[in-house]
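# Report on the structure
Next come the chains, spelled out residue by residue.
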Amino acid sequence: MSKGDVMSERDSTSVSVVAGGACCRVRRRMQCFGFQEAECDGCGGDGDEGRNVSELLLPQYALATGGLARDHRPLITFPDNNNFHVITPSEYRRLLLYLTSVPSLLEADMGFHIIIDRRKDRWNSVKTVLLRISEFFPGIIHTVFVLRPASFLQKALSEVSSKLFKEEFRFRVLVCSTVEELYEHFDRSQLTPDLGGELQYSHAEWIQQRIALEKFSTLMKEISSKLDEFMHEIVDCDMGNDPTQTKELLDCQETRYKALKSELSSATTQGEELLTQVRKPNLTYNIISHVAAVERLLVQLDETEKQFDNSWQKHSTKLNHWLKFRTFLLNFKQMQATLDNHLKTACDMTEVGETASRVDNLLQEAGDFEKLCNCDLETATSVIEDGETLMKDPLSSVDHIESKCEELRRTSALLVDKIQKRNLLLTKARELMDRIDKANEWCATGVELLAGEGGLIAVDKLLEDAQSFGLSAPDPFRDMLMHSATQETRALVTQVAQRVEDVWLMVSVKRATLQRAAAKPARPVHAVPPQSASVPALANHQMETSGGSESSGGEDAEARRSRRGHVLAELMQTERVYVQELGSILSGYKEEIEKPENQHLLPSALVGQADVLFGNLHELFTFHQDIFLKDLEKSISATELVALCFVEKRETFFRLYSYYCQNIPRSERLRETLVDTHLFLQACQLRLGHKLPLAAYLLKPVQRITKYQLLLKDLLRYSECGSMTTKLQQALDCMLVVLKCVNDSMHQIAITGVPLDLSQQGELLMQGSFLVVSENKRDLRLRIRPRRRHIFLYEKAMLFCKPATKNSHNKATYHFKHDLQMSQIGLTESVKGDVRKFEVWRQGRAEVHTLTAASADVKRAWVERIKRVLLDQLNELKGERVRQYEKQHRTLIQTSSWDLGPPGTQSSRPVAAPANPTRTASCDTHDEPCWSTDPSDDDDDEPDQPPAVGCALVALSDYTAVGPSEVSLREGQHAELLKVGCAGWWYVRLAGGHGEGWAPAAYLDQRKTSRSSSRSHDRLHEH
């Protein structure tokens, strides 16, 4: 057969074979991202029975070792394993379809070389293989090399038979007697050792690589399908008109995007690991086709990821813009509705008021309304700014957004104009009312002058006073008032103007009369004694003395002003130094500790503990640098403004410094474990140039907060009387309160073993050390010896604690011992024998604690504070909560009296007894008062005698009944005493038939003189 005949037969065979295995060779494109299906594992899925490809690869019926001929065509080997007769035709087709798909497309298109090794078999087996190949081979066959049997008989038979049947096949067949004949067509490096080559082929490794490659290919198909589905979804999604819905959609899609990105990253990692695996030098051999396949898949995966990121970026940008746009529209609608409501309210605010008090109320309402509107106007400005920012986006509809912004601007301008006009109108109305009040006062003074014996000087003085409110003549004054009048005040203005005109006329007439009388000849003037002339001289001397004093005062004022300037300069200079020191601590220590590259240099105890060591030092630095120092620099020219800086920042001072001081014990404990001699801290100190260690600089905030009140005291000492002194005193009081609160909070955190929730006991009001003697009613003989107790007074409880020995940090600690609820205690202000003592006790004196203060002043402050707490509780019960209390306790306990007057008085007010709600009121029982100004062991004083039954009474103040047996009182209401009850309650009959019932005696007094009633009224409201 000629070469041309061989080629034609090969080409025709190629057509039929490719047609038969077309399903395996087509490279399908994925719909979205161009994945090429690198491998075909569907060849065994044609419905034929038999083993699948993975099972057919194990027996090595045929091999694709990856070897190439000298012409670079791929090689498929049928090894001599004496098992080819076992494989069925359908299994053979399935196996060959898979093996021919292993090489790349370029290699497969060039055609295959086939080696049939039958050196140990019979010649008939060679013919069987050739017939199978002739019937089906899914590719182009270039040459078939047959290694014939080596036995003498089979070798002779093959020499005869090969010449007979070789011409029957449509592809070229070369029969070789030895493997050396193959070396003409194959390099030994491309042949396996069983063929005399050097290719170290491992069938097990080859199968493992193919399995990994197939799994990776399948993974890419699944990812491609998910990406395709996701991109179709985001393209067709409805972005919605509700910002909440759009935000949820964006979050959902972003979550899915991140999940898909994670899968892509995972697939890339898996592919790179697979590529590394197939390239490992320790493998028996490397299959170039496997490496190329993995590289090709990774390139496609990278391109797919880039396209996916690009598509998502465009979509997310569009969706984010839509979210901002819908949010802007929603905010616009809300603000437009709000401003429209405010505009309607402003239009409805037309009342001006007919009295000064009513105008003041309207001004207050207008001010509150303006504050409310200003908040919404700021929000509207923010919405407009959002719209302007949105218009810069190329995706925005500029005209649509601009129209909305312009509408908000127009509505805001209208509202501001309405508010300004309203304020101006009310201001003019208030000025008008002031003029009217002054005019009425002037008229009253004029009437008194006309009725009295005032002379010409008094009349001229009256006319001169009229200038203060613009009255120079009646007609211009009337015109001025009418110009400022409104529809509501026009009648009032007309009445006042007429009254002024009448009084002006009468005063003018009297002035003319007095002038005529003064023009008459005067009587002869008698000589004045010389002593009379000394009066002007004395007056002159007094004026000179006063002038000299003023000059001296001027010199003192100048000296005070100079000293005050020095104090202000010290305040500014020390504040700047303080800020600089805080910044150096943060930059030189804290930032160095937090740097990742310094972590290995830190002591182990300091790692992650920077916040414990420095507390909120960064917040202190930010506050003083960005806020307080700048406010001082702006206000340093006026002492009143400096004082205002402290007043306005009081809450911030307390919050920041109380936290810092409370953290000091933790910081000190941590520093003890570090010591300042650690090399890292020494390096930081050396770098900063600090002479003192870190511990000294961490005390700077404590020193600074105590320094402020000293500077304010100096400013107050050198200040002038007036508003300056008032403002400085307010600032000093604020800083002293801050120091007290910080000190109290430091003591409070030192309490241990407290069974109560201190956060529920209200504000810590006072704390201090006392000698306490406790008595128990159950055993009167028991009187505990005096003990030192630290007492904490809260709004709702009083805690008795035992001071403990100071710890290594010199910090006091307190062990909880006892508590009294403020709703259950009474107070005795004085105890005989010692002005420093007072008593607190439970109701009924079942438990009495005698407290000895350090001084009488300390005792007085504590007594006043406890009384204030008890009074606040009473007012609370008399207020909104009394009805709620009555629902739970139907009977109001009226067994506790409240002494509201000076020592010796017995006026009392009813108080509920929350500690024992089951006790009922009885006139046969008598409990101790909630506090008493009398000494606790003095029973000799006689109480005031109650008024006689039937006497007339008058109500000193309003009282609202809290039970069906009581009556309500109005101030000034008259009543008759029918019965005197216990615990300060009287049974009365109201005048005018308004009923009868029990009322507190503290609200009633006998109808005496007005001075007595006023004194009783003052006594009632003294506390």
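Everything below is about the structure shown above.
Everything quoted here is computed from the prediction, not taken from an experiment.

Analysis parameters
- Residues numbered from 1 in each chain as written.
- Predicted model: local features only at pLDDT ≥ 70, side-chain atom pairs only at ≥ 80, totals over all residues.
- Heavy atoms only, no water.
- Buried < 20%, exposed > 50% of the residue type's maximum accessible area, 1.4 Å probe, protein only.
- Helix = DSSP H or I, 4+ residues; strand = E, 2+ residues; numbered from the N terminus.
- Arc of directions from axis to C-beta.
- Pairing = 2+ DSSP bridges.
- Axes fitted to C-alpha atoms, helices over the stretch in contact; angles between N-to-C directions.
- Contact = heavy atoms within 4.5 Å.
- Expected span 1.5 Å × (residues − 1).
- Bend = angle between axes of the 7 residues up to and from the residue.
- Salt bridge = Lys/Arg side-chain N within 4 Å of Asp/Glu carboxyl O.
- Core = buried A, V, L, I, M, F, W, Y, C linked by side-chain atoms within 4.5 Å.
- Parallel < 35°, antiparallel > 145°, perpendicular 65-115°, else oblique.
- Left-handed = near helix turned anticlockwise from the far one by under 90°.
- Patch = residues over 30% accessible without salt bridge, like charges linked within 9 Å, V, L, I, M, F, W, Y side chains within 5 Å.
- Areas by Shrake-Rupley, 256 points an atom, 1.4 Å probe, with all protein chains shown as cover.
- Lys, Arg positive; Asp, Glu negative; His and termini not counted.
- Charge placed at Lys NZ, Arg CZ, Asp CG, Glu CD.
- Phe/Tyr/Trp six-rings, centres within 6.5 Å; stacked < 30°, edge-to-face > 60°.
- Lys NZ or Arg CZ within 6 Å of the ring centre and 35° of its normal.
- 1 Å grid on protein atoms, 1.4 Å probe; cavity = no way out; pocket = protein on both sides within 12 Å on 5 of 7 lines; lining within 4 Å.
- Points joined across faces, edges and corners; volume = space filled by probe spheres on them.
- Nonpolar A, V, L, I, M, F, W, Y, C, P; charged D, E, K, R; others polar.

Val 459, Leu 462 and Leu 463 are the residues of helix H13 (residues 456-465) that are buried. Within H13, the buried residues cover an arc of 95° as seen down the axis, which keeps them to one side. With respect to the buried face of H13, the exposed residues turned more than 90 degrees away are Ile 457 and Glu 464.

Attention shifts here to the sheet that holds strand S3 (residues 141-147). As a general point, the strands of a sheet are linked pairwise by backbone hydrogen bonds and lie either parallel or antiparallel. Pairing within the open sheet is parallel, and its 4 strands lie in the order S1-S2-S3-S4. With partners counted over all chains shown, the strands left at the sheet margins are strand S1 (75-78) and strand S4 (173-176), one partner each. On average, each strand axis in the sheet is inclined to that of its neighbour by 20°, with strand direction left out of account. As paired elements, S3 and S4 share 4 bridges and run parallel to each other. Residue pairing across strands places Phe 145 opposite Leu 174, the latter belonging to S4. In the packing of helix H6 (residues 123-135) onto the sheet, the strands contacted are S1, strand S2 (112-117), S3 and S4, and the crossing angle to S3 comes to about 170°.

The end-to-end C-alpha separation of helix H18 (residues 617-635) is 25 Å, in line with the 27 Å expected for 19 residues at 1.5 Å each. Along H18, the helix axis deviates most sharply at His 624, where the bend reaches about 40°. Those residues of H18 that fall on the buried side of the exposure criterion are Leu 617, Leu 620, Phe 621, Phe 623, His 624, Phe 628, Leu 629, Asp 631, Leu 632 and Ser 635.

Right, let's get into the pattern of salt bridges. Applying the stated criterion across every chain yields a total of 42 salt bridges. With a shortest N-O distance of 3.2 Å, Glu 976 and Arg 989 are connected by a salt bridge. Here Glu 976, found in strand S16 (residues 974-980), pairs with Arg 989, found in strand S17 (residues 985-990); they are 13 residues apart in sequence, far enough to count as distant. Since its relative accessible area comes to 31%, Glu 976 is described here as partly exposed. Residues joined by salt bridges that share partners form a network here, namely Glu 388, Glu 402, Glu 406 and Arg 409.

Turning to the nonpolar core, a few remarks are in order. Phe 614, Leu 617, Phe 646, Phe 653 and Tyr 708 are the most contacted members of the largest nonpolar core, which has 57 residues in total. For this core, the element with the highest residue contribution is helix H16 (residues 534-594), accounting for 11 residues. Excluding anything up to four places from it in sequence, Leu 617 contacts Leu 582, Ile 585, Leu 586, Tyr 660, Leu 698 and Pro 701. Membership of the second largest hydrophobic core comes to 38 residues, among which are Val 126, Val 144, Phe 171 and Trp 206.

Quick look at the packing of helix H23 (residues 700-717) against helix H24 (residues 723-748) now. Their axes nearest at 9 Å, the elements H23 and H24 cross at an angle of 160°. The angle between H23 and H24 falls in the class roughly antiparallel. Considering only the axes of H23 and H24, their crossing is left-handed. Residues Ile 705, Thr 706, Tyr 708, Gln 709, Leu 712, Lys 713, Leu 715 and Leu 716 of H23 lie in contact with H24, whose contacting residues are Thr 725, Leu 728, Gln 729, Ala 731, Leu 732, Met 735, Leu 736, Val 738 and Leu 739.

Now for a positive patch on the surface. The grouping of Arg 785, Arg 787, Lys 802 and Lys 817 at the surface amounts to a positive patch. Tracing the sequence through the fold places Arg 785 in the loop between strand S7 (779-783) and strand S8 (787-794). Overall, the relative accessible area of 55% leaves Arg 785 in the exposed class.

Turning to the sheet that holds S16, a few remarks are in order. Ordered in space as S18-S17-S16-S15-S19, the 5 strands form an open sheet in which the pairing is antiparallel. Bordering the open sheet on either side are strand S18 (996-1000) and strand S19 (1004-1006), each of which pairs with just one other strand. Within the sheet, the average angular offset between the axes of one strand and its neighbour, ignoring direction, is 50°. The pairing of S17 with S18 spans 5 bridges and is classified as antiparallel.

Quick look at unusual backbone geometry now. You will see that Gln 60, though not glycine, has its phi angle at about 60°, which is positive. Here Gln 60 falls in the partly exposed class, since its relative accessible area comes to 26%. One non-glycine residue, Asn 82, lies in the positive phi region at around 55°. If you trace the backbone, Asn 82 turns up in the loop between S1 and helix H4 (89-100).

Turning next to the packing of aromatic side chains. On inspection of all chains with the given rule, the structure shows 26 aromatic pairs. For the ring pair Trp 442 and Trp 504, a centre distance of 6.2 Å and an interplane angle of 35° mean the geometry is tilted. Taken together, the residues span a long stretch of sequence, with Trp 442 in helix H12 (residues 398-451) and Trp 504 in helix H15 (residues 490-518) at a distance of 62 residues. Given the relative accessible area of 4%, Trp 442 is considered buried. Among the aromatic residues, those joined into a ring-pair cluster are Phe 623, Phe 628, Phe 646, Phe 653, Tyr 657 and Tyr 708. Looking at Arg 93, its charged tip hangs above the ring of Phe 136, at a distance of 4.1 Å from the centre. In this structure, Arg 717 is placed above the aromatic ring of Tyr 718, and the distance from its NZ or CZ to the ring centre is 5.7 Å.

Before going further, it helps to examine empty space enclosed by the protein. Within this structure, the stated rule accounts for 6 cavities of 30 Å³ or more. Its volume calculated, the second largest cavity comes out at about 70 Å³. Surrounding the second largest cavity, Leu 613, Phe 614, Tyr 660, Asn 663, Ile 664, Ser 667, Glu 668, Arg 671, Leu 698 and Leu 699 form its lining. Of all the elements in the fold, those that place two or more residues in the lining of the second largest cavity are helix H17 (610-614) and helix H20 (650-674). Taken together, the residues that form the lining of the second largest cavity break down as 6 nonpolar, 2 polar and 2 charged.

Most of S18 is tucked away, with 4 of its 5 residues classed as buried. The loop that links S17 with its antiparallel partner S18 comprises 5 residues; one of these, Gly 992, has a positive phi angle of about 80°.

A few words on the pairing of S8. Among the 8 residues in S8, 6 count as buried, and that is most of the element. Bridge analysis of strand S6 (residues 764-776) against S8 gives 8 bridges, and the strand direction is antiparallel. Paired with Phe 770 across the two strands is Arg 789, which belongs to S8. Bridging between S8 and strand S9 (residues 797-803) involves 4 bridges; their strand directions are antiparallel. By the bridge assignment, His 790 is partnered in S9 with Cys 801.

This next bit is on the side chain of Gln 336. Tracing the backbone through its elements, the reader meets Gln 336 in helix H10 (residues 288-348). When its relative accessible area of 8% is taken as the criterion, Gln 336 is described as buried. Residues in contact with Gln 336, not counting those within four places in the same chain, are Glu 407, Leu 408 and Thr 411.

Relative to the assigned elements, Met 433 resides in helix H12. For Met 433, a relative accessible area of 2% corresponds to the buried category. Apart from residues lying up to four places away in sequence, Met 433 is in contact with Gly 353, Glu 354, Thr 355, Ala 356, Val 359, Thr 489 and Leu 492.

Looking at the secondary structure, you find Leu 978 in strand S16. Taking C-alpha positions, Leu 978 is 5.8 Å from Gly 950, a pair spaced 28 residues apart along the chain. The contacts of Leu 978, once residues within four sequence positions are left out, are Val 949, Tyr 987, Val 988, Arg 989 and Glu 996.

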